[in-house]
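# Structure at a glance
Below are the chains, spelled out letter by letter.
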Amino acid sequence: MKKFLKILACFSLTLTLGACSKNPTYQLSDKVNLTLSDVLKVENEKQNTIYYYYLIDIENNSDADYDLSDFSYTIKEKGEKEAVQAIDQNKFMPSTIVPASEKAYIAGYIGFPNNDQKNIGIEFNSSKDFLAFKNAKIRTASSNDIATKQVGMAQKLFENDELTISYDYSQAEINYFEGNTVVSNFYITYENKTDQRIVIPYVTPLGTLNGCLSSDYASKGDFKTMTMDDIKKLDLKTDGLLAPTKNIAGESGGYALLYLDPEQSLSCNTMITFPNSFIYYQEDDKEPITIQLTCPAIGIDRTIKLTRE
């Protein structure tokens, strides 16, 4: 009887430990495991929103390729039937095939109103199994970590104990090339202060040009062959009056940063192109290009004006 009680006690202890443990790994199939490698919870007090950024590693230890084409999941609160009502979300899966004995990753984020949700995580659509974000060590960030705007072309946007985000436009250039106005050498820098790989709440640069569309002035020549000097000499006056200008949206490119390796610092050369557009140099606006740096998750919203030559 004593032996039976001892065995029962050990069994009960095992169950208790198993129930309390937090395992960030889930088995997709034999020798193929999914792990929540990093989770970041961002609270924006001003907007009363919560964002979760997550980084998933998939390790294929089998002898055959693993196909992720049919792999899908829903982010929800445990116990709820419906998915979280997202105001913003995205995910990035660079490859749908995980080769044998190799790894792949998925990075994503989701934002939703802060309704004091207790247990957010991933529900796998095929099995309905639930993997809580809190099974990983959740890092935190807040809109309170936004850096105060100061004077100068190089400034911090965000800083806490784990991450610094800054920008520098001291080397920014405005050029005219093949009919497009192009801003280059506008740097956004991310610095990982930790000794682990971390997912990043990246900043999006949005550009606006106060200028003209070349299609409105086709009679002035072939804009695709013009140089910046040609653009500066353009006379668009009608009866002595300056031509009207428009706010023209730019197309951002140059980087797509999802995560940083341990203690990595990365400066991203951001390029903004204004297709088939040009600066109207006869107009008085000496700062015709506006760049807005935004990150809704954190609440970053910084505006920079670029001066023309």
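For the structure, check the block above.
Notes on the structure in this doc start here. This one's a predicted model, so the numbers in the text were calculated from it and none came from an experiment.

There is a patch of like negative charges on the surface, built from Asp65, Asp67, Asp70 and Glu102. For aspartate 70, a relative accessible area of 77% translates into the label exposed.

With that settled, consider the nonpolar core. Grouped together as the largest cluster of nonpolar side chains are 54 residues, with contacts concentrated most on Tyr53, Tyr190, Val203, Phe278 and Leu293. Among all residues touching phenylalanine 278, those that are not within four sequence positions of it are Tyr176, Thr181, Leu209, Gly211, Cys212, Leu213, Ser214, Tyr217, Phe223, Ile231, Leu234 and Leu236. Within the second largest apolar cluster, 28 residues are counted, among which are Val39, Ile110, Leu131 and Ala136.

So, about the side chain of aspartate 38. Mapping aspartate 38 onto the fold places it in strand β2 (residues 32–44). Given a relative accessible area of 1%, aspartate 38 falls into the buried group. Within the structure, aspartate 38 has its side chain in polar contact with the side chain of glutamine 196 (distance 3.5 Å). Residues contacting aspartate 38, with those up to four places away along its chain left out, are Tyr53, Tyr54, Leu55, Arg139, Gln196, Arg197, Ile198 and Val199.

The next point concerns the environment of asparagine 60. Mapped onto the secondary structure, asparagine 60 falls in strand β3 (residues 49–60). Along the backbone, asparagine 60 and proline 99 are 39 residues apart, and their C-alpha atoms lie at a distance of 7.0 Å. Those residues in contact with asparagine 60 that lie beyond four places of it in its chain are Lys31, Val32, Asp65, Tyr66, Val98, Pro99, Ala100, Ser101 and Glu102.

A few words now on the sheet that holds strand β5 (residues 73–77). Read across the open sheet, the three strands follow the order β5-β9-β10; overall the sheet is antiparallel. Of all the strands in the sheet, the pair left with one neighbour each is β5 and β10 (130–132). Looking at each pair of strands side by side, their axes are set apart by 30° on average, direction ignored. Pairing of strand β9 (residues 120–124) with β10 involves three bridges; the strand directions are antiparallel. Bridged to glutamate 123 within β10 is phenylalanine 130.

Next up on the list: the packing of aromatic side chains. In the structure shown here, the tally under the stated rule is 17 aromatic pairs. Ring plane angle 45° and centroid distance 6.2 Å describe the contact between phenylalanine 71 and phenylalanine 124, whose orientation is recorded as tilted. Within this pair, whereas phenylalanine 71 is found in the loop between β4 (66–67) and β5, its partner phenylalanine 124 is found in strand β9, the two being separated by 53 residues in sequence. Residue phenylalanine 71 is classed as buried on the basis of its relative accessible area of 13%. Pairing tyrosine 167 with phenylalanine 186 gives two aromatic rings, centres 6.3 Å apart and planes at 10°, and the pair type is stacked. Residue tyrosine 167 is found in strand β13 (residues 163–168), and its partner phenylalanine 186 is found in strand β15 (residues 180–192); the two are separated by 19 residues along the sequence.

Conventions adopted
- Residues numbered from 1 in each chain as written.
- Predicted model: local features only at pLDDT ≥ 70, side-chain atom pairs only at ≥ 80, totals over all residues.
- Heavy atoms only, no water.
- Patch = residues over 30% accessible without salt bridge, like charges linked within 9 Å, V, L, I, M, F, W, Y side chains within 5 Å.
- Areas by Shrake-Rupley, 256 points an atom, 1.4 Å probe, with all protein chains shown as cover.
- Salt bridge = Lys/Arg side-chain N within 4 Å of Asp/Glu carboxyl O.
- Lys, Arg positive; Asp, Glu negative; His and termini not counted.
- Charge placed at Lys NZ, Arg CZ, Asp CG, Glu CD.
- Buried < 20%, exposed > 50% of the residue type's maximum accessible area, 1.4 Å probe, protein only.
- Core = buried A, V, L, I, M, F, W, Y, C linked by side-chain atoms within 4.5 Å.
- Contact = heavy atoms within 4.5 Å.
- Helix = DSSP H or I, 4+ residues; strand = E, 2+ residues; numbered from the N terminus.
- Polar contact = N/O pair within 3.5 Å; in protein donor to acceptor, adjacent residues only side chain to side chain.
- Pairing = 2+ DSSP bridges.
- Axes fitted to C-alpha atoms, helices over the stretch in contact; angles between N-to-C directions.
- Phe/Tyr/Trp six-rings, centres within 6.5 Å; stacked < 30°, edge-to-face > 60°.

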